[in-house]
Amino acid sequence: MLRKKALAGQPAREQSFMPLKSSKFTDAEALRFHAAGRPGKLEITPTKPMETQRDLSLAYSPGVAVPVRAIAEDIDTAYDYTTKGNLVAVISNGTAILGLGNLGAAASKPVMEGKAVLFKRFADVDSVDLEVDTENIDEFVNCVKLLGPSFGGINLEDIAAPECFIIEQRLREAMDIPVFHDDQHGTAIITAAGFLNALDLTGRDIKATKVVAIGAGAACIACIELIKSMGVPGDNVTMVDRTGVIYQGREESMNQWKSAHAVATDARTLEDAVKGADVLIGLAAAGAVTQEMVKSMADKPIIFAMANPDPEISPEDAREVRPDAIIATGRSDYPNQVNNVLGFPYIFRGALDVRARTINDEMKIAAAQALAELAREDVPDEVVQAYGGERPHFGPDYIIPAPFDPRLISRIPPKVAEAAMRTGVARTEITDMEAYAQALSARLDPTVDTLSTAFEALSKMAQKRVVFAEAEEEKVLRAAVAFQTAGYGTPVLVGYEDVIKAELREMGVDENAFEIQNASKTERLDAYIDFLYERLNRRGYLLRDVQRMVKRDRNVFSALMVATGDADAMITGVTRQYGKALGAIKRVIDPRGQGPAFGVSVLVSKNRTVFIADTTVNERPNAQELADIAERTAGFVRRMGHDPRVAFLSFSNFGNPHADLADHIRAAIKILEARDVDFEFEGEMQGDVALNPDLMEMYPFMRLSGPANVLIMPALHSANIAYKLLVELGGVRIIGPMLLGMSKSVQIARITASASDLVNQAALAALNAHALEALEDN
């Protein structure tokens, strides 16, 4: 969701941009998302065992008295014995919520929870949201200051200007932990990174660069202060607000923060100031900049038009008059998005890891420089996916890294930490920065990143037609609406038209915005019947049997749409058992090539992701099928961002105890050895040996370099039982099961799948349709 901050009394709108656009969902869907299950977006989970009386005695009384005494003797040991060193408070009083203005502290809570989620999602920083119900500066400052011992850092958010300046400054002076107003400094750091790269591309010297800044609000002033700290001379920056140029001697609409940037100039209007300017930094309002102004700028002008939802001038309008311009905006649908999520998670990560007392200008500059350097490097495949399959290269349309670049976690925090140590604000030292960078990479699981970038890429690809075979079901219909509004593809709804339209109206959705199909409506009925009868007439089916199937079985009907090219993919599963749904589909669509179709379930826990196969299709695969399943699963796992380490599971470890039931597993191992595959595999072994590094050491000959992340099960019953038990016992998130190995893109969801699960699987079905199309082209 793109965000826009309305600052009381300020023409500039501070910004803290999020990865998703607000047009991607309905109001009802947003409310349902926040209310579903346990309301809100956060929970507290213990990090120590709490199963026995001894555990509880250690966690609380009397065991807790020991760290209490240690902290009383040395307050810095709070970082060693409590959550302080990884805990940030996200604090607001609700006086400038998004673009909605002053709606109060309670109304800001969903935003602060969302910010806390981003801290965890991108940098594994724990956060607590605090909503302080006061507009009095003294009360707010005192409240936050007195809570200081609880946290390793303070992130201020959605506080109106000019109060935000005063609050941040007073807290920075009073507290010995980082205090960071992201609406100001986050925007400034990302802008500065793009600014450095744009100067490099246009061959400009920072000390000779002329800058005009529009807005004079908190974010705009923070941008100007940061680039001045980086080397832009103060006299080279002209700031403009709604009254005009901020010049020395001006009295109207002035305050101490504007006065600090007043310059001696004869320019009085934006039109005057922008003539011959090298750089334009806009944090004002849509339409504030005209084509004539852009035309009057210096050669190869650099424009940051960051007003939201619409920039000061659109990139199209700017490039129409100045095709040599480099342009950045706050929007994700244009190149060079200034997105705050590139900054605050990683800046706090680096600050926390050296127990910094503050976040100073040197640390901000280090973050900006690290971002700038990252944009100049070749991008990984995850970023290519996010750009719809095109590999971006450093240049006018790529001066800022993509938000889902997996290298951010290992590049930004080390530079911030180094700057903190160099400037003397760190309480502790990191001596091995290479090991630190590796540890940072290990904090985040690549599965979520990979899915996020894949889905972002999907919205930029040619739209695939995905059949929702059970569209009369309320959660399926909600999923189809969400799928379309997210831009993932075009849903085709199968069911009775009057029922579906009535449900769409009840949901407040345009009933005419969706294609609805069924056997009584389609003009393709005879073609479908002919196609299926040609497949089944020698398998014991009469023509009337086929006619009945096509007319009555929605899975058969939907699969026929896909098989004949009337659609690209389908999703089903919430009204029929998996096996029956698959049986109906396989009457229409065959597996691809020689290998079997099979199911992969992805289990995502806090510390690891494990892929289990085959969880849905093959009752007792033979050795050849097991080898095929392992090889195809390894390829899928690589596409999900992991290096596959495949374990073939059994009740025995390498023949102990020996049993004929494990012969097919040992034979599958030999088949893979003969194929000389390019991934690690081992077996047969028990599940604990595959996942526990201590047990793995008992087998020094083992070929796995670490715990397995792909578990190939010996038979369907063990696979299905295992993954369903894990799901119901809790502590893991399930993705799938995903059906792989079919000649057309088909996904069968669990009966208990939520609307969100269905959206994800429909998106995966659309992605798989693109992948199968690419295979056919090759």
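Okay, so let's go over this structure. From a predicted model like this one, the values you see are computed outputs, not experimental measurements.

**Quick notes on the nonpolar core**
Moving on, step 1. Grouped together as the largest cluster of nonpolar side chains are 109 residues, with contacts concentrated most on Ile-154 and Phe-304.
Moving on, step 2. Ala-454, Leu-477, Ala-755 and Ala-769 belong to the second-largest nonpolar core, a separate cluster that totals 67 residues.

**Some words on helix 25 (residues 578-586)**
Moving on, step 1. Looking at helix 25, one finds that the buried residues are Tyr-578, Ala-581, Leu-582, Ala-584 and Ile-585. Angular distribution of buried residues about the axis of helix 25 spans 160°; they occupy a single face of the element. Set apart from the buried face of helix 25 by more than 90 degrees, the exposed residues are Gly-579 and Lys-580.
Moving on, step 2. Check the buried side of helix 25 and you find it contacts helix 24 (554-563), strand 14 (569-572), strand 20 (733-740) and strand 21 (745-748).

**Regarding the sheet that holds strand 13 (residues 515-517)**
Whether parallel or antiparallel, the strands of a sheet pair through hydrogen bonds between backbone atoms.
Moving on, step 1. Strands sit in the order 13-12-11-14-21 across an open sheet of five strands; the sheet is parallel. Unpaired on one side and paired on the other, strand 13 and strand 21 mark the two borders of the sheet. Each neighbouring strand pair of the sheet contributes to a mean axis angle of 25°, computed without reference to strand direction.
Moving on, step 2. Pairing of strand 11 (residues 465-468) with strand 14, which is carried by three bridges, proceeds in the parallel orientation.

**Some remarks on the sheet that holds strand 1 (residues 87-92)**
Moving on, step 1. Pairing is parallel across the open sheet formed by four strands, whose spatial order is 2-1-3-4. Of all strands in the sheet, those bounded by a partner on one side alone are strand 2 (126-131) and strand 4 (179-181). In this sheet, adjacent strand axes meet at a mean angle of 25° when their direction is disregarded.
Moving on, step 2. Where strand 3 (residues 153-156) meets strand 4, three bridges bridge the pair, whose relative direction is parallel. Along strand 4, the bridge assignment pairs Asn-155 with Phe-180.
Moving on, step 3. Where helix 8 (residues 182-202) meets the sheet, its contacts fall on strand 3 and strand 4, and the angle it forms with strand 4 comes to roughly 75°.

Rules used in this analysis
Residues numbered from 1 in each chain as written. Predicted model: local features only at pLDDT ≥ 70, side-chain atom pairs only at ≥ 80, totals over all residues. Heavy atoms only, no water. Core = buried A, V, L, I, M, F, W, Y, C linked by side-chain atoms within 4.5 Å. Buried < 20%, exposed > 50% of the residue type's maximum accessible area, 1.4 Å probe, protein only. Helix = DSSP H or I, 4+ residues; strand = E, 2+ residues; numbered from the N terminus. Arc of directions from axis to C-beta. Contact = heavy atoms within 4.5 Å. Pairing = 2+ DSSP bridges. Axes fitted to C-alpha atoms, helices over the stretch in contact; angles between N-to-C directions.

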